[in-house]
Amino acid sequence: MHYHVSSKTFQRSKGQSLTAAAAYRSGFDIYDAKEQRTKHANRKNAEDVLFNFITTEELVTIKGGKKALRAVSKQATQLDVARWANTIEGVEKRKDATLAKEMEIALPEEFNLAQNIKLMSAIQQRFVAMTGTVALSSIHNSSTKSYGKGSRKKGSTTLNKHGHMMYSERIYNPVKDTFGKKNQMLNIAMGGREFTKVFRYEVEQITKKHAAQNGIKLPTGYTAFTSLSHEDRYSPEAINKGY
C-alpha cells in the first residue's frame, strides 16, 4: 500500500459549496437550506461509498462519576450529513470564507471493510480529540487503473480504498451544541501546514497499531516515514523522498 494523506480546502470565494462537497463524498442527495435546492450526489461515485460516520466530542461519565470530553463516532445518516454541512454553511458569513477542509487518507487494501471502518474511526477520533472540531468521514472503494508500481502491471485494475475526512476549523461546544472560534492550529498561515504533517505521523502510527491487531503485515513503504530523523520528518523534501 502507498502511504498517502493529502489535504484540500473548500472556499466560498472559489464558488465551492460544502453541501455539494458533502453530497459527492457521502453519496447522499443533500438539501442546501441557503440556496433552497438539492445538491445531488454523483450516481457513479455513490456506488463507491461504503460507509459514512461523524465524530464529535461528547461529555461522558468516566471513573469516579466525573464528566470528561471524549471523541465519539457514530454512523452518519443523510440527515446527519445535511445538518453538518448546512450548519457550517450558516456559521460562515463571509463571502470569501473557508467553509471547511478535508484530508484524504489512503486505507490498507489488506483490510476488509469492518477493519477499515474501525481504523478510519480511530483516526477521526484522534483528530477530533486534538482539534476540538467536528469531522465527517466517508469511506470509498473505487476501481482505478494501476500506474505499474511494484508488482502491479501497468493498466491493470486495482482497488483504491480511501477515506475522505471533512472538518470545520471551528471548535465545537458539545454542551451548547454550537461552533465557536476557529482553531488557529488548523490555519495554514498560523502553522496548519505543519499540523498536517504531524497528523500524517499520527495516521501512520494508528494504522500500524490496527494492522498488528488484525495480524496483518503492511508493506515496507510504511517504514520510510518513521525511519526519518525527528528534525527531518516533517519537511516536504523528506516526505517526498520517503514516498
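Please refer to the structure higher up on the page.
Residues numbered from 1 in each chain as written. Predicted model: local features only at pLDDT ≥ 70, side-chain atom pairs only at ≥ 80, totals over all residues. Heavy atoms only, no water.

*Asks:* Can you walk me through the pattern of salt bridges in this structure?
*Replies:* Side-chain pairs of opposite charge can arise where the charged atoms are in close proximity. A full pass over the atoms with the stated rule returns 14 salt bridges. In this structure, aspartate 32 and lysine 39 form a salt bridge, with 3.3 Å as the shortest nitrogen-oxygen distance. With respect to burial, aspartate 32 and lysine 39 carry one shared label: buried. Residues arginine 83 and aspartate 177 are paired through a salt bridge, measuring 2.7 Å at the closest nitrogen-oxygen approach. Of this pair, arginine 83 sits in helix H3 (residues 78–91) while aspartate 177 sits in the loop between strand S9 (170–173) and strand S10 (178–182), and the two are 94 residues apart along the sequence. Aspartate 177 sits in the partly exposed class, given a relative accessible area of 38%. In the salt-bridge network here, residues are joined through shared partners; they are Glu92, Lys101, Glu169, Arg170 and Lys182. (Salt bridge = Lys/Arg side-chain N within 4 Å of Asp/Glu carboxyl O. Buried < 20%, exposed > 50% of the residue type's maximum accessible area, 1.4 Å probe, protein only. Helix = DSSP H or I, 4+ residues; strand = E, 2+ residues; numbered from the N terminus.)

*Asks:* Which parts of the structure should I look at to understand the packing of aromatic side chains?
*Replies:* Tallied over the entire structure, the rule returns 6 aromatic pairs. With a centroid separation of 6.0 Å and an interplanar angle of 20°, the aromatic rings of phenylalanine 195 and phenylalanine 199 are classed as stacked. With phenylalanine 195 and phenylalanine 199 both in helix H5 (residues 192–213), this residue pair falls 4 residues apart, about one helical turn. In textbook terms, an aromatic cluster arises when at least three aromatic residues are bridged by ring pairs, as seen for Phe127, Tyr167, Phe195 and Phe199. (Phe/Tyr/Trp six-rings, centres within 6.5 Å; stacked < 30°, edge-to-face > 60°.)

*Asks:* Just checking my understanding: could you explain the pairing of strand S4 (residues 49–61) for this structure?
*Replies:* Regular strands have side chains that alternate between both faces of the sheet. Strand direction decides the pairing type here: S4 and strand S5 (residues 67–75), joined by 9 bridges, are antiparallel. Following the sheet pairing, glutamate 58 is matched in S5 by arginine 70. Hairpin connection, S4 to S5: the antiparallel pair is bridged by 5 residues, and glycine 64 has positive phi, about 90°. (Pairing = 2+ DSSP bridges.)

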